Amino acid sequence: MKVLVIGGGAREHALCRSLSLDPDVTALHCAPGNAGIAEVAELHPVDQLDGDAVARLATELGAELVVVGPEAPLVAGVADAVRAVGIPVFGPSQEAALLEGSKAFAKDVMAGAGVPTARSYVCTTPEEIDEALDAFGAPYVVKDDGLAAGKGVVVTGDVEQARAHALACDRVVIEEYLDGPEVSLFAITDGTTVLPLQPAQDFKRALDGDEGPNTGGMGAYSPLPWADPKLVEEVLETVLQPTVDELRRRGTPFSGLLYAGLAITSRGVRVIEFNARFGDPETQVVLARLKTPLAGVLLNSANGTLADQAPLNWSDDAAVTVVVASHNYPDTPRTGDPIEGLDEVAAQDAPHAYVLHAGTKLDDGKVVSAGGRVLSVTATGTDLAQARERAYAAVGRIRLDGSQHRTDIARKAAEA
């Protein structure tokens, strides 16, 4: 099978790494990719938001499966353009991707499906914003209705900060604060059958102890030793399957990756948000534990034959990923700094630890930083403590001027 992956972050590197290890994949391409992905796939320049350009590239390459990684191309309808030329694609249609593209649409779908979530108001005027903030009180949860690359949500006890964020959005969703630990659960679906993956937990705040600003995610781990063993089954029955059924009922079937961001509250499981694609950095740890070859599973989703998929095979190992971010992330990150130590990790830490590239590029043969989140250092071990130890040992070999990373990823879970 010839596979083309669209995107250029650590999520796509994780996908490409898994696909490169799949014996059924005879050729692997990625567009636009990054310096790390170049080691496992052939790269091609493309405007990933231009559906016609992506479809043309897929046709030229003779791709038999296209995997759309990021949310922006999905919301721009790239999957539709590829489907229109007859190539199977893993990723929802533009209409179905609104589940991530619009928080208000997601709330409407959840209401129709009877999915438990936070009470919320959709606001478009200063008066509505003030009323909603007043109704819920602190801590305030304010979400930009549209896509904001993981940075559109503000959770704060400061009403002025909440109001300022709300006023900066065209349309905003203000909702009640959900207590309890957060869990990310991915499911692969073909629009009818839903196949849940293993749960993970990510760390959104920039600094240790969950301090600092919200980011796209500074690390993740899987499995969750503290979670109820029946959690996946419960979420499949109360959240994932009803959502997929509701979208199909509306005439906008969702096929691809449905990501549920969950809060395990004192009143039970509640949905914080849906995404229409693999989450980053959780993908890095979930795929590190998946033993079933990936390409066939994604192709079954694309072809509507997921009911024929054999049960997934998972490693008992734990996985931890630590994000190395550039100077000043998440504000205005500095780019263009050389990255050293990657060869040392490959020589000394493989196969238990490896580096997935997020924001990197090749400059005159050298790997340099090219984004806010630069690398995802991922490791496996017999338990979280060993996986953590291996991940941080590898992080310690990497040299990037002014870089930052959290030192407490999976610490509490490993010590529990």
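Attention here is on the structure that accompanies the text. (Residues numbered from 1 in each chain as written. Predicted model: local features only at pLDDT ≥ 70, side-chain atom pairs only at ≥ 80, totals over all residues. Heavy atoms only, no water.)

**Thoughts on the overall build of the chain**
Scanning the chain for helices and strands turns up 14 helices and 24 strands. Relative to its length of 416 residues, the chain is compact, with a C-alpha radius of gyration of 20 Å against a globular reference of 22 Å. A principal-axis box enclosing the C-alpha atoms of the chain has dimensions of 55 × 45 × 40 Å. Going through the 416 residues of the chain one by one, you find that 56% of them count as buried. A total of about 16700 Å² of accessible surface is found on the chain, and carbon and sulfur atoms cover 48% of it. Computing the positive centroid from 34 side-chain charges and the negative centroid from 59, the chain places the two 2 Å apart. (Helix = DSSP H or I, 4+ residues; strand = E, 2+ residues; numbered from the N terminus. Rg over C-alpha atoms; globule rule 2.2 N^0.38 Å. Buried < 20%, exposed > 50% of the residue type's maximum accessible area, 1.4 Å probe, protein only. Areas by Shrake-Rupley, 256 points an atom, 1.4 Å probe, with all protein chains shown as cover. Lys, Arg positive; Asp, Glu negative; His and termini not counted. Charge placed at Lys NZ, Arg CZ, Asp CG, Glu CD.)

**As for helix 7 (residues 126-136)**
Taken as a whole, helix 7 has its buried residues at Ile 129, Ala 132, Leu 133 and Phe 136. Taken end-on, helix 7 shows its buried residues confined to a sector of 100 degrees, consistent with a single buried face. Away from its buried face by more than 90 degrees, helix 7 exposes Glu 127, Glu 131 and Asp 134. Looking at the buried side of helix 7, the elements it contacts are strand 6 (120-123), strand 7 (140-144), helix 8 (159-167) and strand 9 (172-175). Downstream of helix 7 by a residue or two, Gly 137 has a phi angle that is positive, lying close to 70 degrees. (Arc of directions from axis to C-beta. Contact = heavy atoms within 4.5 Å.)

**Quick notes on the sheet that holds strand 18 (residues 318-325)**
An order of 12-15-18-23-20 is seen for the five strands of this open sheet, with the pairing classed as antiparallel. For this open sheet the edge positions go to strand 12 (201-202) and strand 20 (353-357), each flanked by a neighbour on one side alone. As defined by bridge partners, strand 18 adjoins strand 23 (residues 373-381) across eight bridges and the pair is classed as antiparallel. Note on strand 23: the bridge partner recorded for Val 323 is Ser 376. Along the sheet, helix 1 (residues 10-20) makes contact with strand 20 and strand 23, crossing strand 20 at roughly 125 degrees. Lying over the sheet, helix 10 (residues 282-289) contacts strand 12, strand 15 (219-222), strand 18, strand 20 and strand 23, oriented at roughly 150 degrees with respect to strand 18. (Pairing = 2+ DSSP bridges. Axes fitted to C-alpha atoms, helices over the stretch in contact; angles between N-to-C directions.)

**Let's talk about the packing of helix 6 (residues 103-113) against helix 9 (residues 231-249)**
One way to put it is that helix 6 packs onto helix 9 with a least axis distance of 9 Å and a crossing angle of 100 degrees. As the angle between them shows, helix 6 and helix 9 are arranged roughly perpendicular. Contacts between helix 6 and helix 9 pair Phe 105, Val 109, Gly 112 and Ala 113 from the former with Pro 242, Thr 243, Glu 246 and Leu 247 from the latter. Here the contact of helix 6 with helix 9 is built from residues that sort into five nonpolar, two polar and one charged. (Parallel < 35°, antiparallel > 145°, perpendicular 65-115°, else oblique. Nonpolar A, V, L, I, M, F, W, Y, C, P; charged D, E, K, R; others polar.)

**Some remarks on the pairing of strand 20**
Burial analysis of strand 20 places five of its five residues in the buried class, which makes it a mostly covered element. Side-chain alternation along strand 20 places Ala 353, Val 355 and His 357 on one buried face and Tyr 354 and Leu 356 on a second face that is also buried. As judged from the five bridges shared by strand 20 and strand 23, these two strands associate in the antiparallel manner. Residue pairing across strands places Val 355 opposite Val 377, the latter belonging to strand 23.

**Let's talk about the packing of aromatic side chains**
Considering all chains together, one arrives at five aromatic pairs under this definition. Where Phe 186 meets Tyr 259, the ring centres are 5.4 Å apart and the plane angle is 35 degrees; that geometry is what we call tilted. Remark: Tyr 259 occurs in strand 16 (residues 256-265) and Phe 186 occurs in strand 10 (residues 182-189); sequence separation between them is 73 residues. For Phe 186, a relative accessible area of 1% gives the class buried. Between Phe 203 and Tyr 221, the ring centres sit 6.0 Å apart and the planes meet at 45 degrees, which makes this aromatic pair tilted. Separated by 18 residues along the polypeptide, Phe 203 in the loop between strand 12 and strand 13 (205-207) and Tyr 221 in strand 15 bring together distant segments of the chain. Given a relative accessible area of 11%, Phe 203 falls into the buried group. (Phe/Tyr/Trp six-rings, centres within 6.5 Å; stacked < 30°, edge-to-face > 60°.)

**As for the nonpolar core**
In this structure, Leu 4, Val 66, Leu 99 and Val 320 are the most contacted members of the largest nonpolar core, which totals 75 residues. If sequence neighbours within four positions are ignored, Leu 99 has contacts with Phe 105, Ala 106, Val 109, Thr 243, Leu 247, Phe 254, Leu 258 and Phe 274. In terms of nonpolar packing, the next biggest core, distinct from the first, is built from 38 residues, Ile 37, Val 286, Leu 290 and Leu 306 among them. (Core = buried A, V, L, I, M, F, W, Y, C linked by side-chain atoms within 4.5 Å.)

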